Amino acid sequence: MNADPRVMEFFPATLARAESDALVARIRAHFARHGFGAWAVEIPGVADFIGFVGLSIPSFQAPFTPCVEIGWRLATAHWGKGYATEAAMAALAFGFTEAGLAEIVSFTVVANLPSRRVMERLGMTRSPSDDFEHPGLALGHPLRPHVLYRLSRGDWRQRALP
Ligand SMILES: CC(C)(COP(=O)(O)OP(=O)(O)OC[C@H]1O[C@@H](n2cnc3c(N)ncnc32)[C@H](O)[C@@H]1OP(=O)(O)O)[C@@H](O)C(=O)NCCC(=O)NCCS
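In this report, we go over the structure that sits alongside the text. (Residues numbered from 1 in each chain as written. Predicted model: local features only at pLDDT ≥ 70, side-chain atom pairs only at ≥ 80, totals over all residues. Heavy atoms only, no water.)

Concerning the pattern of salt bridges
- Scanning the model with the defined rule gives five salt bridges in all.
- Among the salt bridges present, the one from Asp 130 reaches Arg 150, with a minimum N-O distance of 2.8 Å. Highlighted residues: Asp 130 in the loop between β5 (125–126) and β6 (132–133) and Arg 150 in strand β7 (residues 145–152), separated in sequence by 20 residues.
- Note on Arg 150: relative accessible area 25%, which makes it partly exposed.
- Here Glu 133 ties to Arg 144 by a salt bridge, and the two come within 3.1 Å at their closest N and O atoms. On the criterion of sequence distance, the pair formed by Glu 133 in strand β6 and Arg 144 in the loop between β6 and β7 is long-range, its members being 11 residues apart.
- Using a relative accessible area of 41% as the deciding quantity, one classes Glu 133 as partly exposed.
- On the basis of relative accessibility, which here comes to 11%, the residue Arg 144 falls in the buried class. (Salt bridge = Lys/Arg side-chain N within 4 Å of Asp/Glu carboxyl O. Helix = DSSP H or I, 4+ residues; strand = E, 2+ residues; numbered from the N terminus. Buried < 20%, exposed > 50% of the residue type's maximum accessible area, 1.4 Å probe, protein only.)

Section: the side chain of His 134
- With respect to the helices, strands and loops of the structure, His 134 is situated in the loop between β6 and β7.
- Taking relative accessible area as the criterion, His 134 reaches 16% and is therefore assigned buried.
- Those residues in contact with His 134 that sit more than four places away from it in its chain are Phe 60, Phe 107, Arg 144 and His 146. (Contact = heavy atoms within 4.5 Å.)

The following block contains the structure:
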């Protein structure tokens, strides 16, 4: 998945085996430290692993940090079926109840419309005044401009009501 150029279109580069393994190690460390992280997603009885969806604490500084971010990455064979949104709804429920978070954000490259549609299906909202330049990328890099979406616990609860 991390070596697939379609999956990594909105990231600076695909990952080599060792880089992908290092990412998994960072995810495990995040779970150990914070009690939540990027969960592996399976389709029970069909596929043991289709990608990850979950909550993480960004390590860079921006006007909206510190914060908890929700994110997703699925193998292409499993796009277009609603799995990212379904898994993200479970992650939001965990974040707002078990973890007691007051707000969860999500961000992506401006042109990453599939990811932005997941955010919008979850009821997250973007304010242009929150748009930011990702500090992990060089000035002028085409992937540097990002949009930020937010969801408060109150708004999440409101949507979750029947
Ligand atoms: C971002 C990403 C997870 C979105 O995947 P996705 O398959 O579009 O999202 P979902 O799993 O929520 O599926 C929703 C899509 O499936 C369709 N769909 C089909 N059956 C469905 C069902 N039963 N329920 C819900 N949606 C369904 C929806 O219409 C929607 O398509 P649309 O956005 O074109 O309208 C995926 O593109 C990806 O992994 N990209 C690479 C990694 C990446 O960029 N991650 C984000 C970085 S910030």
